[in-house]
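Each chain, letter by letter, is given below.
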Amino acid sequence: MKVQPRRLSWVWVVIISTLSIALFVVSSTLGTTIYSIPIVFSLGLSALQACGLMFVYRFPRGGNSAGAVAAITLMIVGNAAADKAPWPIAVTTLIAMIAMLGISATGGDWLPAVVAGAVVASGAAIMATTVAADLPPGPIIANITVYLSLAAAAVIGGTLLHSALQTRRELQTALEASEIALARREVVEERTRIAREMHDVVAHGMSVIQVQAASARYRHTSIPPEVAEEFDELAATARTALNEMRALLGVLRADEQAPQAPQPGLTELPDLVTGAGAALRDATLLDHLPQKVRQRLAPVVALTVYRVVQESLSNVIRHAPGSAVEVKLSYEIKHNTHGEGELHVSVHNTPPPTIRSHGIDPSGHGIRGMKERVSALGGTLDTAPTADGGFTVLATIPLTVEATIL
């Protein structure tokens, strides 16, 4: 499919407009003084010729047609003057036609240019053999020959220039596509490198923890049953973390064979809280969400709730071991008419038995990651120590009609 531009830079617009005005002035003047054309016809035909040149790039068929009609009409209404000036094609007409044909061919429309050029040449030949039979043939033949030579050169040169410009545009497009592909490749390579580093740094350590925890009751037969159960819980937690790590690594590697396990949500919350309770004094889940909200909650919202609770419990285990934790889910309707409301997720822990540095995660990623997740859903996350020495994490997530379909 041919792609041709239809816009010129302002420089070329100025050049073509200046040339058109100059040809109009000179053509109308010479037509009246040398070719004895009535001034009205000379002005009108010169204006038509100038308009054809000015608009031939944007409207190739109309511009070439206007130029050809003006050229032939100027031959008809003007007196033969081969002995005084170029005829049947005047100099201004010749310049206008050559410029018109070249511009049209440069824009990719060589066929209208060839047709217009052939029509003008045929009209000139007919005029030379009928109207000016008594004039010397040499100047007339030379006039037509010069016109045909320059017209052919203009069409061929314009077509070659159009082809060169088209090739340049295609090369530029291919270069841009290549740069985009290279950028995407670099992203994929970087993701693969990150996945490899995560596997080497994290996955190996988690595998060792899981194996040692799972085999602890068999390697140490004298440990109490409650301790063995804690090792089993630790092994189960490590297995879950490993499975999620493998899924994440598959996504980072863009691996189509990576396991596509369902993301955790509200259904997995009781097991999460129970597992955390093994490392704390007590862990309680208070789920006050209406059944309709639970059933129709968007998966991304359910995943965000799970991750907020998961990270909050991890922070409590790290910074306040031995404390009691209460996880509470509630829903507040704000607008009864539209069924819109807010989902509240609260994780509160009591003071630990011993003083620990309970506060922001030193790595800087825990609470910030929770805030980013909640903010992506248009919600807010507040964290603050309580008056009794505990700590509270409160996430508020707006639920629209689309999120809950109430």
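Throughout, a residue's number is its position along its own chain's written sequence, starting from 1. Local features are withheld for residues below a pLDDT of 70 in this predicted model, meaning they are given only at 70 or higher, and side-chain atom pairs are given and counted only at 80 or more; totals for whole chains, interfaces and linings count all residues. Derived side-chain values reflect all non-hydrogen atoms in the structure, with water molecules and hydrogen atoms excluded from consideration.

1. Some words on the overall build of the protein
Right, so step 1: When helices and strands are counted, the protein shows 13 helices and five strands.
Right, so step 2: The classification of residues rests on relative accessible area computed with a 1.4 Å probe and restricted to protein chains. Under 20% of the type maximum is buried, over 50% is exposed, and intermediate values are partly exposed. Here the protein holds 406 residues, and the buried ones make up 37% of them.
Right, so step 3: Contacts in the protein between residues far apart in sequence, at least 24 positions, make up 73% of those at least 6 positions apart.
Right, so step 4: About 22,800 Å² of surface is accessible on the protein, with carbon and sulfur atoms providing 63% of the total. Strands here are runs of E lasting at least two residues and helices are runs of H or I lasting at least four, both read from the DSSP assignment and numbered beginning at the N terminus. Contacts between residues were defined by any pair of non-hydrogen atoms, one from each residue, lying within 4.5 Å. Method for areas: the Shrake-Rupley scheme with a 1.4 Å probe, in which residue coverage is limited to the protein chains shown.

2. Points about the environment of V393
Right, so step 1: One can find V393 in strand β5 (residues 391-399).
Right, so step 2: We classify V393 as buried; its relative accessible area is 5%.
Right, so step 3: It is 5.1 Å that separates the C-alpha atoms of V393 and V347, two residues lying 46 residues apart in sequence.
Right, so step 4: Excluding residues that lie within four positions of it along the chain, V393 makes contacts with V308, S312, V345, S346, V347, M370, L381, D382 and T383.

3. Some thoughts on the pattern of salt bridges
A side chain with one charge can pair with a side chain of the opposite charge if their charged atoms come near.
Right, so step 1: Definition used for salt bridges: Asp or Glu carboxyl oxygen within 4 Å of a side-chain nitrogen of Lys or Arg. Tallied over the full model, the rule gives one salt bridge.
Right, so step 2: A salt bridge links D287 to R294; the shortest N-O distance between them is 2.3 Å.
Right, so step 3: Since its relative accessible area comes to 32%, D287 is described here as partly exposed.
Right, so step 4: Overall, R294 belongs to the partly exposed group, its relative accessible area being 27%.

4. Description of the confidence of the model for the protein
Right, so step 1: The quantity known as pLDDT measures the predictor's confidence residue by residue, on a range of 0 to 100. On average, the protein scores 82 in pLDDT, and the residues at 70 or more come to 85%.
Right, so step 2: Within the model, pLDDT remains below 50 along residues 1-5, and this stretch shows twelve contacts once partners closer than five positions in the same chain are excluded.
Right, so step 3: Here residues 401-406 is modelled with pLDDT under 50, and outside its nearest four sequence neighbours on either side it reaches 16 contacts, counting other chains as well.

5. Quick notes on the environment of Q212
Right, so step 1: Within the secondary structure, Q212 sits in helix α6 (residues 137-214).
Right, so step 2: Separated by 19 residues in sequence, Q212 and F231 place their C-alpha atoms 8.7 Å apart.

6. Structural notes on a negative patch on the surface
Right, so step 1: What makes a patch is a set of residues exposed beyond 30% relative accessible area and free of salt bridges, joined within 9 Å when like-charged and within 5 Å when nonpolar (Val, Leu, Ile, Met, Phe, Trp, Tyr). When charges are counted, neither His nor the chain ends are considered; positive counts come from Lys and Arg and negative counts from Asp and Glu. The atoms used to mark charge sites are NZ of Lys, CZ of Arg, CG of Asp and CD of Glu. A contiguous patch of negative charge, built from E226, E229, E230 and E233, is present on the exposed surface.
Right, so step 2: Its location among the elements puts E226 in helix α8 (residues 225-252).

7. Looking at a nonpolar patch on the surface
Right, so step 1: There is a patch of nonpolar side chains on the surface, built from I21, V25, V26, L30, I34, M54, F55 and F59 and spanning about 660 Å² of accessible area.
Right, so step 2: Elements with a minimum of two residues in the nonpolar patch: α1 (10-33) and α2 (39-55).
Right, so step 3: Of all the elements, α1 adds the most residues to the nonpolar patch, at four residues.
Right, so step 4: Turning to its location among the elements, F55 is positioned in helix α2.

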